[in-house]
Amino acid sequence: MKPSEKVTQAQREILDAVRTYDTIIIHRHIRPDPDAIGSQVGLAELLKNSFPAKRIYSVGSLPDNLSFLAEMNHAEPSDYHNALVIVTDTANEGRIDDNRYRLGQRLIKIDHHPGEDAYAETEWVDPSASSCSEMIANFWLAFPEELKMNAQAARLLYAGIVGDTNRFLYDATSPDTMRTAASLMEQGFSHTEVNHQLTQINSKVAKLTGYVLENLEIRPSGAAQIVLTQETLSRFGLTDADTHSVVPLPGTIEGVTLWGIFVEQEDGVFRCRLRSKGPVINGLAARHDGGGHPLASGANAKDLAEIHQIIAEMDELGANWQERSTQ
Ligand code: AMP
């Protein structure tokens, strides 16, 4: 079945709401990744192209490393008066960037994370989608007569899919994902340029890559971990925002089934970037002030003792996984 053949009630409600409102303000999560920006600004560009008379804003802070994708808009509090607010790619209300999302008249959530907070009147949540960008592209494909795609929107949505699937490598990549990506590629942007922009690293991150591979601790259970302190990051001239490209690295090593990259923040708390090739890790993340997908989650550890606790839990998950795999 093609993605376009699955028009849902939620998709119809969202299109009705879009038709009704003159002002639409789109938010997404803090610490954005390519899927957050791709789904947010990809939707904004799709709607601008389809409804040129509407005022459409994308808001939130944008890290320098994603500025090649898009720019954010400035919306005044008064712009929220009688506005439709759409939040993309954000499961938990506490992670929405820019807390003015409640100032609008109606709130819609579009997300691919397993359902967590129900915070909007209309929620379209599809955990089977590889990315929120894939969902926005499917929204277009569901209403091709009314929604008009262009190269700029397609580029953003394609970037979001490539980002969240790690270039179509992860399990969440389905035949539908490939069909949807193909429809986007037909819109006339340079996919090789986007791929290049998404995968290129600077020489400082290249050195951090070497450090991570050199210092990663791999346990017999298949659990692997590394702590990146503020001191280490500043030695490489990097910040937390630069760590995304080293996150997939441990998964390329034979025998590693789940891993954590623990990044110390300026306030001393550790951001835990957790990934897995098998054992489900979002339960573990939820026990440590986090959440996410079964195989890609995030959490927060208040100190090294909590990191050791998380590693012990990862070790147990890895050992159980090994045991089941050998049965
Ligand atoms: P990250 O390592 O920050 O790229 O996060 C991986 C996944 O976990 C993403 O899908 C996030 O949405 C989710 N995630 C990260 N941090 C948190 C958090 N503190 N609470 C809930 N979900 C999170």
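Participant: Can you help me understand the sheet that holds strand β7 (residues 223-228) in this one?
Facilitator: Two orientations exist for strands paired in a sheet by backbone hydrogen bonds: parallel and antiparallel. The strand order β6-β7-β8-β9-β11-β10 describes an open sheet built from 6 strands, whose pairing is mixed. In this open sheet, the two edge strands, each paired with only one partner strand, are β6 (217-218) and β10 (291-292). Where strand β9 (residues 270-276) lies against strand β11 (residues 296-301), 6 bridges are found, and the strand directions are antiparallel. Bridge pairing links Arg271 to Asn300 in β11. Seen against the sheet, helix α7 (residues 203-215) touches β6 and β7 and runs at an angle of roughly 130 degrees to β7.

Participant: Help me understand the site of the ligand in this model?
Facilitator: Neighbouring residues of the ligand: 15 residues in total, closest His113, Arg271, Arg273, Arg275 and Gly298. Here His113 contributes a side-chain N or O atom positioned 2.9 Å from an oxygen atom of the ligand. When the ligand is considered free in solution it has 470 Å² of accessible area, and contact with the protein chains removes 88% of it. Looking at the shell around the ligand, the elements that each hand over two or more residues are β9, β10 and β11. No other element matches the 4 residues that β11 contributes to the shell around the ligand. Residue composition of the shell around the ligand, grouped by class: 1 nonpolar, 9 polar and 5 charged. Of the domains in this structure, domain 1 (3-198) and domain 2 (203-326) are the two that each give at least three residues to the shell around the ligand.

Participant: I would appreciate a short explanation of the environment of Leu43 in the present structure.
Facilitator: Assignment of secondary structure puts Leu43 in helix α2 (residues 34-50). Considered as a pair, Leu43 and Gln11 are 32 residues apart in the sequence and their alpha carbons are 13 Å apart. Apart from the residues within four sequence positions on either side, Leu43 is in contact with Ile26, Gly38, Ile86, Thr88, Ile110, Ile136, Phe139 and Leu157.

Participant: Teacher, can you tell me more about the sheet that holds strand β2 (residues 55-58) here?
Facilitator: The strand order across the open sheet built from 5 strands is β2-β1-β3-β4-β5, with neighbouring strands paired in parallel fashion. At either margin of the open sheet sits one strand with a lone partner, and together these are β2 and β5 (122-125). Within this sheet the neighbouring strands show an average axis-to-axis angle of 15 degrees, counted without direction. Where strand β4 (residues 106-111) and β5 come together, 4 bridges link them in parallel fashion.

Participant: Before we go on, may I ask you to explain the packing of α2 against helix α4 (residues 151-165) in this structure?
Facilitator: The relative placement of two packed helices is expressed as an angle between their axes plus a distance between the axes. Contact pair α2 / α4: the axes reach a minimum separation of 8 Å and the direction vectors enclose 160 degrees. Relative to α4, the element α2 is oriented roughly antiparallel. The two elements α2 and α4 meet at a crossing, and its hand is left-handed. Contact with α2, carried on its side by Pro34, Asp35, Gly38, Ser39, Val41, Gly42, Leu43, Glu45 and Leu46, involves Gln152, Ala153, Leu156, Leu157, Ala159, Gly160, Gly163 and Asp164 of α4 and no other residues of that element. Tallied by class, the residues present in the contact of α2 with α4 amount to 8 nonpolar, 6 polar and 3 charged.

Participant: Would you mind showing me how to read the domain arrangement of the protein chain here?
Facilitator: A common way to express how large an interface is: the accessible area buried when the components associate. Assigned domains of the protein chain: these are domain 1 (3-198) and domain 2 (203-326). Facing 9 residues of domain 1, the contacting portion of domain 2 comprises 12 residues. Taken together, both faces of the contact between domain 1 and domain 2 bury some 790 Å²; the carbon and sulfur share is 49%. Among the residues of domain 1 in contact with domain 2, Arg31, Asn65 and Pro114 are the three that bury the most area, contributing 52% of the side total. Seen at the junction of domain 1 and domain 2, the total is 0 salt bridges. One can count 3 residue pairs in polar contact (both at pLDDT 80 or more) joining domain 1 with domain 2.

Participant: What's the story with the nonpolar core in this structure? I'm lost.
Facilitator: Generally speaking, a soluble globular protein has its nonpolar side chains buried in company with each other. The biggest cluster of nonpolar side chains holds 49 residues, and the ones touching the most others in it are Ile24, Ile110, Phe139, Leu147 and Leu184. Among the elements of the structure, α1 (9-20), β1 (23-27), α2, β3 (84-88), β4, α3 (132-142), α4 and α5 (175-185) are those that each provide at least two residues to this core. If you look at the next biggest cluster of nonpolar residues, it comprises 16 residues, including Val212, Leu233, Phe236 and Val256.

Quick notes on the rules
- Residues numbered from 1 in each chain as written.
- Predicted model: local features only at pLDDT ≥ 70, side-chain atom pairs only at ≥ 80, totals over all residues.
- Heavy atoms only, no water.
- Pairing = 2+ DSSP bridges.
- Helix = DSSP H or I, 4+ residues; strand = E, 2+ residues; numbered from the N terminus.
- Contact = heavy atoms within 4.5 Å.
- Axes fitted to C-alpha atoms, helices over the stretch in contact; angles between N-to-C directions.
- Near = heavy atom within 4 Å.
- Polar contact = N/O pair within 3.5 Å; in protein donor to acceptor, adjacent residues only side chain to side chain.
- Areas by Shrake-Rupley, 256 points an atom, 1.4 Å probe, with all protein chains shown as cover.
- Nonpolar A, V, L, I, M, F, W, Y, C, P; charged D, E, K, R; others polar.
- Domains from an automatic or database assignment.
- Parallel < 35°, antiparallel > 145°, perpendicular 65-115°, else oblique.
- Left-handed = near helix turned anticlockwise from the far one by under 90°.
- Buried area = accessible area lost by both parts, 1.4 Å probe.
- Salt bridge = Lys/Arg side-chain N within 4 Å of Asp/Glu carboxyl O.
- Core = buried A, V, L, I, M, F, W, Y, C linked by side-chain atoms within 4.5 Å.
- Buried < 20%, exposed > 50% of the residue type's maximum accessible area, 1.4 Å probe, protein only.

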